[in-house]
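Here are the chains, one letter per residue:
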Amino acid sequence: MSWLSELIWTDWIWFPEGHGWADLKDHDDQVFPKMQDLWATIPIALCFLVIRQIFERTVAIPLASLLGVSDKQRVCAPPNPTLESYFCSTSKHPTQSSIESLSKQTGCSVRQVQRWFRQRRNQDRPSKLKKFREASWRFTFYLLAFFAGLAVLIDKPWFYDMKQMWDGFPKMPLLPSQYWYYMIELGFYVSLLFSVASDVKRKDFKEQIVHHVATILLISFSWLVNYIRAGTLIMLVHDASDYLMESAKMFNYAGWRKTCNFIFTVFAAVFIITRLVILPFWIIHTTWVYPLTLYPPFFGFYFFNGLLLVLQVLHIFWAALILRMVIKFLPGNEIVEDERSDKEETESEDDDDRERREKSKNGHMQNGHAPINNNHRKRY
């Protein structure tokens, strides 16, 4: 398999003509990034998981109490093996015919079966306190990471003139500040993958997984081939808006309507400016268009920019969700709700849902139109 390894890591694939891995060997007290450096992110990710648990217990929970975050008392679904089996193996949202069949099997009324499924679904939904703890942890990291990134980049010439990120490529020595910025950021995203099973699952769960994987690949690849100057700028752009979103969610869970709406408005503006303007028209332009004036295209060039385009497509997807939320709350001054999150069902919603199904079944119309499905049963 050595021949395959040599083929994969051959110079012409990852570097422009005339350059290669030999350019990244340490010499004359100059240090360059190495593949083995990335192993440091595993213990860093594990440390983040431990620190997160300590943070949530010692900081997030007291903060939630201080801000008035509280959960409604949930009524647990009574034990019922037949319904539990259907819930786990078939569907959490049974059809009307299935509800009627389950009613006959269990001896319960249709209304009792509907109520049981509603209560059972609510049991699986994360509590408001759990969501607050997660948001406060991410807020803390993104805020610290943003200002750390600024400290790393504020005195660098490529922060002001992005074309200088290619000055001397790939023979650009690694700075200690760049090393720690990279390792900590990459370690954090690896920790998010480790905790994905226990974290709050939202409507864009699959997109989040794609985002985390693309981010890890992008950071790792940019490290290997010494695209570090571009990588630090990309990470800073992402951190610039993330902490605002997490803080808006924190105040949302606390019920601080005006504060949440204000922060969310600022977040929406920063997100659009950084991820739909600065990233594509400044950074991606400098990684996609400008290098072609210096080097002939090569596979590594396409691979790096391809990952950036994946992130950009996700940014457009999230920008659409953000604009939908802004449109919803601005006219009526309503509280912002994260459209990706689970929404706990109430008994009145269950009744409304039943009435809509009955009317639809009987062919009834409302104001000359078919009744609208508000998707109350859909998980967010």
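Going along each chain's sequence as written, the residues are numbered from 1 onward. In keeping with the model being predicted, local features are shown solely for residues with a pLDDT of at least 70 and side-chain atom pairs are shown and tallied solely at 80 or more, while totals for entire chains, interfaces and linings include all residues. Only hydrogens and water are set aside; all other atoms, that is, all heavy atoms of the structure, feed into the side-chain values.

Visitor: Would you mind showing me how to read the overall build of the protein here?
Guide: Secondary structure summary: the protein contains 13 helices and 0 strands in total. Counting from the N terminus, the helices are DSSP H or I runs at least four residues long and the strands are E runs at least two residues long. Walking the protein from its N terminus toward its C terminus, one meets helices and strands in the order α-α-α-α-α-α-α-α-α-α-α-α-α. For the protein, buried positions account for 46% of its 380 residues. Whether two residues are in contact is decided by their heavy atoms: any pair within 4.5 Å suffices. Taking all contacts inside the protein whose residues are at least 6 apart in sequence as the whole, residues at least 24 apart take part in 80%. A 1.4 Å probe and the Shrake-Rupley method give the accessible areas. Residues count as covered only by the protein chains that appear here. As displayed, the protein has an accessible area near 19600 Å², and 63% of this comes from carbon and sulfur atoms. Note on classification: 1.4 Å probe, protein chains only; a residue is buried when its accessible area is under 20% of the maximum for its type, exposed when over 50%, partly exposed between these limits.

Visitor: Can you walk me through the packing of aromatic side chains in this structure?
Guide: The relation between two aromatic rings is expressed through the spacing of the ring centres and the mutual angle of the planes. Working definition: rings of Phe, Tyr and Trp (its six-membered ring) pair if their centres are within 6.5 Å, and the pair is stacked with planes under 30 degrees apart, edge-to-face with planes over 60 apart, and tilted otherwise. In the structure shown here, the tally under the stated rule is 38 aromatic pairs. Geometrically, the ring pair formed by Phe188 and Tyr189 is edge-to-face, given 5.9 Å between the ring centres and 75° between the ring planes. By relative accessible area, Phe188 is classed as buried at 0%. Residues Trp288 and Tyr302 carry aromatic rings whose centres are separated by 6.2 Å and whose planes lie at 70° to one another, so their mutual orientation is edge-to-face. Placement of the pair is Trp288 in helix H11 (residues 257-288) and Tyr302 in helix H12 (residues 299-332), with a sequence separation of 14 residues. Among the residues examined, Trp288 registers a relative accessible area of 33% and is labelled partly exposed. Among the aromatic residues, those joined into a ring-pair cluster are Trp14, Trp166, Phe169, Phe221, Tyr227, Tyr295, Phe299, Phe303 and Phe304.

Visitor: Explanation requested: the pattern of salt bridges in the structure shown.
Guide: Where charged atoms of side chains with opposite charge meet at close range, the side chains can pair. Should a side-chain nitrogen of Lys or Arg be within 4 Å of a carboxyl oxygen of Asp or Glu, the pair is scored as a salt bridge. Applying the stated criterion across every chain, the model contains 8 salt bridges. Between Lys34 and Asp26 there is a salt bridge, with its nearest N and O atoms 2.7 Å apart. By relative accessible area, which is 39% here, Asp26 ends up partly exposed. Across the pair Glu56 and Arg52 runs a salt bridge, and its minimum N-O distance is 2.9 Å. Here Glu56 pairs with Arg52, and both are found in helix H3 (residues 41-67), just 4 residues apart, close to one helical turn. Assigned by exposure class, Glu56 and Arg52 land together as buried. One salt-bridge network, held together by shared partners, links Arg52, Glu56 and Arg133.

Visitor: What is the right way to read helix H4 (residues 81-89) from this model?
Guide: Because an α-helix completes one turn every 3.6 residues, residues spaced three or four positions apart along the sequence face the same direction. Listed in full, the buried residues belonging to H4 are Leu83, Tyr86 and Phe87. In a view along the axis of H4, the buried residues occupy a sector of 100°, so they form one face of it. Facing away from the buried side of H4, by more than 90 degrees, are the exposed residues Pro81, Cys88 and Ser89. The directions considered for the arc run from the helix axis to the C-beta atoms.

Visitor: In this structure, what is going on with the packing of H3 against helix H8 (residues 176-194)? I would like to understand it.
Guide: Each pair of packed helices can be summarised by the angle the axes make with each other and by the distance between the axes. Between N-to-C directions, angles cover 0 to 180 degrees, with each direction set by a line fitted to C-alpha atoms, over the stretch in contact for helices. Orientation of H3 relative to H8, taken along the N-to-C sense of each, is 60°, at an axis distance of 8 Å. For the crossing formed where H3 meets H8, the hand is right-handed. Facing Thr41, Ile42, Ile44, Ala45, Leu46, Phe48 and Leu49 of H3, the residues of H8 in contact are Met183, Ile184, Leu186, Gly187, Phe188, Val190, Ser191 and Phe194. Gly falls in the polar group here, along with every residue not listed as nonpolar (Ala, Val, Leu, Ile, Met, Phe, Trp, Tyr, Cys, Pro) or charged (Asp, Glu, Lys, Arg). Residue classes in the contact of H3 with H8 are distributed as 12 nonpolar, 3 polar and no charged. Crossing handedness is read from the near helix: turned anticlockwise from the far helix by less than a right angle, it gives a left-handed crossing, and turned clockwise, a right-handed one.

Visitor: Would you explain the side chain of Ser241 in this entry?
Guide: On the secondary structure map, Ser241 appears in helix H10 (residues 228-254). Discounting chain neighbours no more than four positions away, the residues touching Ser241 are Phe267, Val270, Phe271, Thr274 and Arg275.

Visitor: How do you make sense of a nonpolar patch on the surface when you look at a structure like this?
Guide: Candidates for patches are residues over 30% relative accessible area with no salt bridge; among them, like charges are joined within 9 Å and nonpolar side chains (Val, Leu, Ile, Met, Phe, Trp, Tyr) within 5 Å. Taken together, Trp39, Ile42, Leu46 and Phe194 make up a surface patch of nonpolar side chains, about 450 Å² in accessible area. Within the fold, Ile42 resides in helix H3.

Visitor: What am I meant to see in the side chain of Asp239 here?
Guide: Along the chain, Asp239 falls in helix H10. Buried charge Asp239 goes without a salt bridge, the closest partner of opposite sign being Arg275 at 6.6 Å. Residues contacting Asp239, with those up to four places away along its chain left out, are Tyr142, Ala145, Phe146, Tyr181 and Glu185. Positive charges are assigned to Lys and Arg, negative charges to Asp and Glu, while His and the chain termini are left out of the count.

Visitor: How should I be thinking about the nonpolar core in this particular structure?
Guide: The tendency in soluble globular proteins is for nonpolar side chains to be buried as a group. What is meant by a nonpolar core is a set of buried Ala, Val, Leu, Ile, Met, Phe, Trp, Tyr and Cys residues, joined one to another through side-chain atoms within 4.5 Å. One finds Tyr227, Phe264, Ile283 and Phe304 to be the most contacted residues of the largest nonpolar core, which totals 87 residues. Broken down by secondary-structure element, the contributors of at least two residues to this core are helix H2 (11-14), H3, helix H7 (128-153), H8, helix H9 (205-224), H10, H11 and H12. Looking at which element gives the most residues to this core, the answer is H10, with 16 residues. Judged by nonpolar contacts, the second largest core, of 9 residues, contains Leu83, Leu102, Val113 and Trp116.

Visitor: Mind showing me how you'd approach the confidence of the model for the protein here?
Guide: Should pLDDT be low for a region, the predicted coordinates there are not to be read in detail. pLDDT gives the predictor's per-residue confidence on a scale running from 0 to 100. Of the residues in the protein, 81% have a pLDDT of 70 or more, and the chain-wide mean is 81. Counted against residues more than four places away or in other chains, residues 346-355, with its pLDDT under 50, gives 14 contacts. Every residue in residues 357-380 scores below 50 in pLDDT, and together they form 34 contacts with partners more than four places removed in sequence or on other chains.

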